[in-house]
Amino acid sequence: MGSRVMHYCITALLAKELEIDDDQFLLGGIAPDVHKHMKTPKTISHFVRTTNEGKIFADYFGFHHKYQHSMNKPFYLGYFYHLMSDVIWVEEMYNKKIKGLTQSEIKEAHLKYYRDFWRLNGKLIDYYSIEYRPMEVTPIEVEEIDYRYLPELIKDLEVDFELKDEAKEQELEILEFEEVVEIMDRTVRDCLAISKRKNAFT
């Protein structure tokens, strides 16, 4: 699924379009990835479900349904958009680049994939002119995550920004910058479209 910086960029772009001036929206936009610090399965924080056909996906509508009474709060909205972004990324990038490979090829592809995430950090931050904004952690009632681990996730993002120039000039191995930007821009458009549905988050 998309990187921490990709999610932060998407959420920052959405914040601008939706006129949401609240750091909790940005925090919600990266929050599902706190599972790494909790040492719990990603499937829990990302509401992963499997269809009858065996398709695995992040059930963002399931999140919406469970927390519908909180969806007017910025943190929950950011969390929802993170899950939605992951569905788009998996369908448009991961499945096309990696899913069809053999097991031996997948291992090497994953190494290239995550190295590209590191190289893309600075490229994307510069391309979208995104600035880091401090985020305050407050108690959050989302059963799938423990908000007390969020400061560690925030620190990861701070490091991403601090070191953004270290690898941005390196060539990508498996991803293509233009393709990544296209998918991120499409994600923003799709998220904005769903936000315009009548009473979607009220």
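Everything numeric here is computed off the predicted structure, so don't read it as measured data. (Residues numbered from 1 in each chain as written. Predicted model: local features only at pLDDT ≥ 70, side-chain atom pairs only at ≥ 80, totals over all residues. Heavy atoms only, no water.)

1. Examining the overall build of the chain
Alright, step 1. Helices and strands together make up the secondary structure of the chain, namely nine helices and two strands.
Alright, step 2. Taken from N to C terminus, the helices and strands of the chain fall in the order α-α-α-α-β-β-α-α-α-α-α.
Alright, step 3. Along the longest, intermediate and shortest principal axes, the C-alpha atoms of the chain span 45 × 40 × 35 Å.
Alright, step 4. A burial count over the chain gives 50% of its 202 residues as buried.
Alright, step 5. A separation of at least 24 residues holds for 77% of the contacts in the chain among residues at least 6 apart in sequence.
Alright, step 6. For the chain, the computed accessible surface area is about 10,800 Å², with 49% contributed by carbon and sulfur atoms.
Alright, step 7. Within the chain, the 37 negative side-chain charges are centred at a point lying 3 Å from the centre of the 27 positive side-chain charges. (Helix = DSSP H or I, 4+ residues; strand = E, 2+ residues; numbered from the N terminus. Buried < 20%, exposed > 50% of the residue type's maximum accessible area, 1.4 Å probe, protein only. Contact = heavy atoms within 4.5 Å. Areas by Shrake-Rupley, 256 points an atom, 1.4 Å probe, with all protein chains shown as cover. Lys, Arg positive; Asp, Glu negative; His and termini not counted. Charge placed at Lys NZ, Arg CZ, Asp CG, Glu CD.)

2. Section: the packing of aromatic side chains
Alright, step 1. Applying the stated rule across the entire model yields 21 aromatic pairs.
Alright, step 2. Aromatic pair Phe80 and Tyr81: ring centres 5.7 Å apart, planes at 70 degrees, arrangement edge-to-face. Side by side, Phe80 and Tyr81 carry an identical accessibility label, which is buried.
Alright, step 3. Ring pairing ties together the aromatic residues Phe47, Phe63, Tyr67, Phe75, Tyr76 and Tyr79, which thus form one cluster. (Phe/Tyr/Trp six-rings, centres within 6.5 Å; stacked < 30°, edge-to-face > 60°.)

3. A word on the nonpolar core
Alright, step 1. Among the nonpolar cores identified, the biggest contains 63 residues, and Phe63 and Phe75 are the most heavily contacted of them.
Alright, step 2. At the level of elements, α1 (4-18), α2 (23-30), α5 (60-66), α6 (74-99), α7 (103-127), α8 (150-162) and α9 (177-195) are the ones that each hand at least two residues to this core.
Alright, step 3. Setting aside anything within four residues of it in sequence, one finds Phe75 in contact with Gln24, Phe25, Leu27, Gly28, Ala31, Ile140, Val142, Ile145 and Leu150. (Core = buried A, V, L, I, M, F, W, Y, C linked by side-chain atoms within 4.5 Å.)

4. Observations concerning the pattern of salt bridges
Side-chain pairs of opposite charge can arise where the charged atoms are in close proximity.
Alright, step 1. Evaluation of the coordinates by the stated rule reveals 22 salt bridges.
Alright, step 2. With a shortest N-O distance of 4.0 Å, Asp59 and Arg49 are connected by a salt bridge. Of this pair, Asp59 sits in the loop between β2 (56-58) and α5 while Arg49 is found in strand β1 (residues 48-50), placing the two residues 10 residues apart along the sequence.
Alright, step 3. As a salt-bridge pair, Arg115 and Glu108 come within 4.0 Å of each other at their nearest N and O atoms.
Alright, step 4. Classification of Arg115 by relative accessible area gives partly exposed; the value is 34%. (Salt bridge = Lys/Arg side-chain N within 4 Å of Asp/Glu carboxyl O.)

5. Focus: the packing of α1 against α6
Alright, step 1. Viewed as axis vectors pointing N to C, α1 and α6 meet at an angle of 120 degrees, and their least axial separation amounts to 11 Å. With respect to α6, the axis of α1 lies oblique. Where α1 crosses over α6, the two elements pack in a sense that is right-handed. Here Met6, His7, Ile10, Leu14 and Leu18 of α1 lie close against α6, whose contacting residues are Tyr81, His82, Ser85, Asp86 and Trp89.
Alright, step 2. The residue makeup of the contact of α1 with α6, split by class, is six nonpolar, three polar and one charged. (Axes fitted to C-alpha atoms, helices over the stretch in contact; angles between N-to-C directions. Parallel < 35°, antiparallel > 145°, perpendicular 65-115°, else oblique. Left-handed = near helix turned anticlockwise from the far one by under 90°. Nonpolar A, V, L, I, M, F, W, Y, C, P; charged D, E, K, R; others polar.)

6. With respect to the packing of α1 against α9
Alright, step 1. Relative to each other, α1 and α9 sit at 45 degrees, their axes nearing to 10 Å. Between α1 and α9, the angle is such that the two are oblique. Relative to α9, α1 is oriented so that their crossing is right-handed. Taking contact as the criterion, the partners of Met6, Cys9, Ile10, Leu13, Leu14, Glu17 and Leu18 in α1 are, on α9, Val180, Met184, Thr187, Val188, Cys191, Leu192 and Ser195.
Alright, step 2. Tallied by class, the residues present in the contact of α1 with α9 amount to 11 nonpolar, two polar and one charged.

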